[in-house]
Amino acid sequence: MQNTLHARLARARPAARRVALVALGGLLLSAAGASGASGAVLKPEQVQKRYRSVLAELANSGITPALERLGALEAEMVGDTPSQNRIVGFWKLKLGVIREILEEQPIDVLVPIIMLHHEAYGYYMEKGNGILAGHARTMATELADVYADKARSPQANVVAGWVLTSFGAQLQRWRALKGSTEFYHRAVKWDPSNRLALLNIAVNLEKVGQYARAIEYLEQLLKLSPEDPAARLRLATCRLRTLDSHPGDSQEIPRRKALDALADLAHSDEADWVRSVAYQEWARDLLRSGRTSETEKLLREALGALPADRQLKILLVSLLERSRRRSEANALLDEIKARLPAGVSARQIYDTFPHAGLEEARDNLLAAMTERMTLLAAGTSDAPVELGS
Amino acid sequence: MRALWGALALAACAMPVAAAEDPAIFLDYPLGLEFVSGPVKIEAGVIGDDPVRIVEFQVDGKPVVRFDRPPYRVIVDVGWENVEHEFTAILRTRGGLEVSSSVRTPRLRMDDELKVELMQLYVTASEGERRRLDLEREDFRIVDDGHEQKIVTFERGEVPVTAVLLLDCSLSMKGDRLEAALAGARVFLDEMAELDRASVMLFSDNLQGSTVFSEQAADLEPALSEVIAAGGTSINDHLFLTLQDLERQQGRRAIVLFSDGADVHSVLGMEHVLEKAQRSSSLIYWIYLAEGAGADEVPSYSSSWRDVERNKEEFKLLRRTIRESGGRIQVVQRPEDLAAAFKTIIDELRGQYVLGYYPSHRRNDGGWRNVKVRVREGGVDLRTRNGYTDW
């Protein structure tokens, strides 16, 4: 925690902080001027004044106009060739403003500010500004940590957990699995009941072949939601793959557990893709054991339940072909080739990052943010309404 | 054959005068009395005063060859399934008349099933960068499972081919890559010779499009329009299905796979595809779009189904499958080079030898048989499959 925003805020004393901020800001801006970069030469006080007006805009007019104003200020501050030094200096100036607000308002005032910076991430990504997007992410996540740590309330934990989960999901989309997992871990630290974060930690671990560790998180998740079909399915497939790499008699019990779960899911009324994958993995396990006739029986049962599923048909074609039943295999092949194009396969859905509920949670949080706007309005009431750039 | 043809001709001559003037076509082979499988000789004779414009042979309703002059004779691989086949010879005269003759061969009773399969090897010979198409039957030696084999059929050059263009249209192919690949596929289709046949299969994590087999590029090219890159990638599944599909086709068979090779969603492992390829005789060519990667580099990627190490194993197995089929990997670094890659492959298919032999020591035990093909002349490199599963 030493290098986090929280630590910096906690360490800063009002009088010393002002001196430090002016000094840091001065250093930052003189560095910008000296390098001849195109960032505007604004005094630290001016920067803080304008940031305060961004927050006032957020409190009074909502997130969209505030984002535009924040975007204009930050772009002006960092210039066309943003450097890490400038961003760090800017960051510190903004923290100074936030700290001043916090001196007079309850900690919940952070919620709209966190959401502003959360939304700024998407705003900057859309504009192709990766550096400011990364800055927005750092602001949002570190403020979320501060909020949960200081507020010590279940609601604060949920908010922090959600913000961190949201960024975990963003990084997953960029295939940055390590960074994504770190955010999910931070989310779970504040909110151990954050199911989405638990599931996605397991997904990330599964993707890098750490099945045993994925199992730990899935079991944790299933304690919270024993019937969660995605978690049960992943637990079963991870268990089977763990057994693949450690064959032996001692594995019979976990194998049985995995197969029982797959059978249960296959016969359930869960989504088609869940049932399809359950049947597929069950059948593949039977095939590996050389139980051909049982596998065929199972696949025919599966196709009775899911007649349009192409991957189940491919498994059966493969089995029939190896059994030298070419005519039957070819008839099934013709079925696969009929009625194209096919949709998304069950295995592709399984491989997609499970982010269901994330957008809904965002909408809820944006709505909940409104309740805290009055705090922010009070905290920024001395900010000028209009500021030229 | 001569005797049979003579008898039929005499019979025809014994008819009234008007009948002798009419054109007629007679199938000499096959006779229609026995089960046939594998390569089958089809031969026909023609009588009549009206000059021949074209003679076409069809097997099971599908055209396999056309002639504008005698001899009307060809060897066609009808596959190994125990099924009936219908052989038809059609004569079209310059005077605009059309006559035909058909025979139907029976399926084998199951208790009579025999294993007397002709093994065919498709061989590419080259010397340095130059392709060699001047070798004779006597120049080749085939050793199957350590036993020297007698070459019973020998063809070279313009041997018709039946090809499947198996095109990856997953999301990773979006933009220039897919567009260039589709353009390349069109080049391949446009370069097809008269008796060549092809089909197009488009896949992502699921099969997205498929055509029938056709000799006409115009029948196939619409499938290459308005293709959208989307979804995951299942190379193994679709390579397996294509190998299976091609077994139903006659003659020399080839698959031209276009992909970046990153299978992430297949339900079948590549080991299943390798086994299938070892049981089949199709050549597999892979146009590997390896932008930024070295030809021998094994890319790193993972999915929920396989981690990086497992995917690397799959990738290596894919390369092995291609090599063992007798095909090869054409590495392409830039999308703009894809059209040339497709052209190179159809050119290569144009210039191969087809060597046929009956393996002298078949055991049908599912075991692997190494095959070595050698050529007398030094400095000539040969590429063909390195064996087969004897089952």
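Whatever comes next refers back to the structure up there.
A quick note: this is a predicted structure, and the numbers were derived from the prediction, not measured.

*Asks:* Just checking my understanding: could you explain the overall build of chain A for this structure?
*Replies:* Across its full length, chain A holds 19 helices and zero strands. The buried share among the 389 residues of chain A stands at 54%.

*Asks:* Is there a simple way to think about the interface of chain B and chain A in this case?
*Replies:* As a measure of interface size, the accessible area lost when the parts come together is often cited. Taken together, the 35 residues of chain B in the interface contact 39 residues of chain A. Between chain B and chain A lies a buried interface of about 3500 Å² when both sides are counted; carbon and sulfur atoms form 50% of it. Our count for the contact surface shared by chain B and chain A stands at four salt bridges. Broken down by secondary-structure element, the contributors of at least two residues to the side of chain B that touches chain A are β15 (207–210), α5 (235–246) and α6 (270–279) of chain B. Tallied by class, the residues present in the side of chain B that touches chain A amount to eight nonpolar, 16 polar and 11 charged.

*Asks:* What is the right way to read the packing of aromatic side chains from this model?
*Replies:* Taken as a whole and assessed by the stated rule, the structure comprises 14 aromatic pairs over all chains. Judged by centre distance (6.2 Å) and plane angle (40 degrees), the rings of Phe167 of chain A and Phe183 of chain A are tilted. Remark: Phe183 of chain A occurs in helix α9 (residues 177–190) and Phe167 of chain A occurs in helix α8 (residues 154–173); sequence separation between them is 16 residues. Among the residues examined, Phe167 of chain A registers a relative accessible area of 0% and is labelled buried. Plain terms: the ring middles of Phe57 of chain B and Phe67 of chain B are 5.4 Å apart, the flat faces sit at 70 degrees to each other, and that makes the pair edge-to-face. Placement of the pair is Phe57 of chain B in strand β3 (residues 52–59) and Phe67 of chain B in strand β4 (residues 62–67), with a sequence separation of 10 residues. On the basis of relative accessibility, which here comes to 0%, the residue Phe57 of chain B falls in the buried class. Chaining the aromatic ring pairs together yields one cluster made of Tyr121, Phe167 and Phe183 of chain A. A cation over a ring is seen here: Lys41 of chain B above Tyr29 of chain B, with NZ or CZ 4.5 Å from the ring centre.

*Asks:* Help me understand the nonpolar core in this model?
*Replies:* As a rule of thumb, nonpolar side chains are buried together in soluble globular proteins. Residues and elements named next belong to chain A. Ranked by internal contacts, the top residues of the largest apolar core, which has 84 residues, are Tyr51 and Leu116. Other than its neighbours up to four places away in sequence, Tyr51 contacts Leu70, Leu73, Lys94, Val97, Ile98, Ile113, His117 and Met139. Val274, Leu298, Leu312 and Tyr350 belong to the second largest nonpolar core, which has 70 residues in total.

*Asks:* What is the right way to look at the pattern of salt bridges in this model?
*Replies:* Where charged atoms of side chains with opposite charge meet at close range, the side chains can pair. Residues and elements named next belong to chain A. Within the structure shown, the criterion is met by 65 salt bridges over all chains. Here Arg69 and Glu57 are joined by a salt bridge, their closest N and O atoms 2.9 Å apart. Of the two residues, Arg69 sits in helix α4 (residues 63–78) while Glu57 sits in helix α3 (residues 44–61), which places them 12 residues apart along the sequence. A relative accessible area of 16% places Glu57 in the buried class.

*Asks:* Honestly, the sheet that holds strand β2 (residues 39–47) of chain B in this entry has me stumped. Any pointers?
*Replies:* By way of backbone hydrogen bonds, the strands of a sheet pair with one another, either parallel or antiparallel. Residue and element names in this part refer to chain B. An order of β1-β2-β5 is seen for the three strands of this open sheet, with the pairing classed as antiparallel. Because the sheet does not close on itself, it has two edges, and the strands there are β1 (24–29) and β5 (72–77). The average angle at which neighbouring strand axes cross in this sheet is 25 degrees, direction not considered. Two strands pair when backbone bridges link them, and β1 and β2 are joined in this way by five bridges, in the antiparallel orientation. Bridge assignment links Ala24 to a residue of β2, and that residue is Ile47.

*Asks:* Quick question: what am I supposed to make of empty space enclosed by the protein here?
*Replies:* Gaps between atoms show up when a probe of the same size as a water molecule is rolled over them. One pass over the structure, following the stated rule, counts two cavities of 30 Å³ or more. What the largest cavity holds in volume is close to 420 Å³. Lining of the largest cavity is provided by 26 residues; of these, Trp80, Glu117, Arg279, Ser280 and Ser281 of chain B occupy positions nearest its centre. Among the secondary structure elements, those contributing two or more residues to the lining of the largest cavity are α17 (326–337) of chain A together with β8 (119–127), α6 and β22 (387–390) of chain B.

*Asks:* Mind showing me how you'd approach helix α16 (residues 310–322) of chain A here?
*Replies:* An α-helix turns once per 3.6 residues; consequently, residues spaced three or four apart project the same way. In this model, α16 of chain A (13 residues) spans 18 Å end to end at C-alpha, consistent with the 18 Å of a helix rising 1.5 Å per residue. The buried fraction of α16 of chain A is high, at 12 of 13 residues. For α16 of chain A, the complete set of buried residues consists of Arg310, Gln311, Leu312, Lys313, Ile314, Leu315, Leu316, Val317, Ser318, Leu319, Leu320 and Glu321 of chain A. Its buried side turned inward, α16 of chain A meets α14 (272–288), α15 (292–305), α17 and α18 (346–351) of chain A together with α5 and α6 of chain B. Capping the start of α16 of chain A is the job of one residue whose side-chain oxygen sits 3.1 Å from the backbone nitrogen of Gln311 of chain A: Asp309 of chain A.

*Asks:* Before we go on, may I ask you to explain the sheet that holds β22 of chain B in this structure?
*Replies:* Residues and elements named next belong to chain B. The antiparallel open sheet is built from four strands, whose spatial order is β11-β10-β20-β22. Whereas interior strands pair on both sides, the edge strands pair on one side only; in this sheet they are β11 (147–149) and β22. Going across the sheet, the axis of each strand differs from the next one's by a mean of 30 degrees, ignoring polarity.

*Asks:* When you look at the environment of Cys169 of chain B in this model, what are you seeing that I'm missing?
*Replies:* Residue and element names in this part refer to chain B. Inspection of the secondary structure assignment puts Cys169 in the loop between β13 (161–168) and α3 (176–190). Spatially, the C-alpha atom of Cys169 lies 5.8 Å from that of Phe203, the residues being 34 residues apart in sequence. Those residues in contact with Cys169 that sit more than four places away from it in its chain are Leu178, Leu202, Phe203, Ser204, Gln208, Val227, Ile228, Ala229 and Ala230.

*Asks:* So what exactly am I meant to see when it comes to the side chain of Asp196 of chain B here?
*Replies:* Residues and elements named next belong to chain B. Note that Asp196 resides in the loop between α3 and β14 (197–203). Only 2.9 Å separates the side chain of Asp196 from the backbone nitrogen of Val161, close enough to count as a polar contact. Reaching out from Asp196, the side chain makes a polar contact with the backbone nitrogen of Ala193 at a distance of 2.9 Å. If near-sequence neighbours (up to four positions away) are discounted, Asp196 is found in contact with Val159, Pro160, Val161, Ser214, Glu215 and Arg350.

*Asks:* Honestly, the environment of Asp260 of chain A in this entry has me stumped. Any pointers?
*Replies:* All names here are of chain A. Tracing the sequence through the fold places Asp260 in helix α13 (residues 252–266). Of the residues examined, Asp260 reaches a relative accessible area of 44% and is grouped as partly exposed. The sequence separation of Asp260 and Ala236 amounts to 24 residues, and the corresponding C-alpha distance is 8.7 Å.

Rules behind the numbers
- Residues numbered from 1 in each chain as written.
- Chains lettered and ligands numbered in written order.
- Predicted model: local features only at pLDDT ≥ 70, side-chain atom pairs only at ≥ 80, totals over all residues.
- Heavy atoms only, no water.
- Helix = DSSP H or I, 4+ residues; strand = E, 2+ residues; numbered from the N terminus.
- Buried < 20%, exposed > 50% of the residue type's maximum accessible area, 1.4 Å probe, protein only.
- Contact = heavy atoms within 4.5 Å.
- Buried area = accessible area lost by both parts, 1.4 Å probe.
- Salt bridge = Lys/Arg side-chain N within 4 Å of Asp/Glu carboxyl O.
- Nonpolar A, V, L, I, M, F, W, Y, C, P; charged D, E, K, R; others polar.
- Phe/Tyr/Trp six-rings, centres within 6.5 Å; stacked < 30°, edge-to-face > 60°.
- Lys NZ or Arg CZ within 6 Å of the ring centre and 35° of its normal.
- Core = buried A, V, L, I, M, F, W, Y, C linked by side-chain atoms within 4.5 Å.
- Pairing = 2+ DSSP bridges.
- Axes fitted to C-alpha atoms, helices over the stretch in contact; angles between N-to-C directions.
- 1 Å grid on protein atoms, 1.4 Å probe; cavity = no way out; pocket = protein on both sides within 12 Å on 5 of 7 lines; lining within 4 Å.
- Points joined across faces, edges and corners; volume = space filled by probe spheres on them.
- Expected span 1.5 Å × (residues − 1).
- Polar contact = N/O pair within 3.5 Å; in protein donor to acceptor, adjacent residues only side chain to side chain.

Geometric descriptors of this kind do not, in isolation, establish any biological role.
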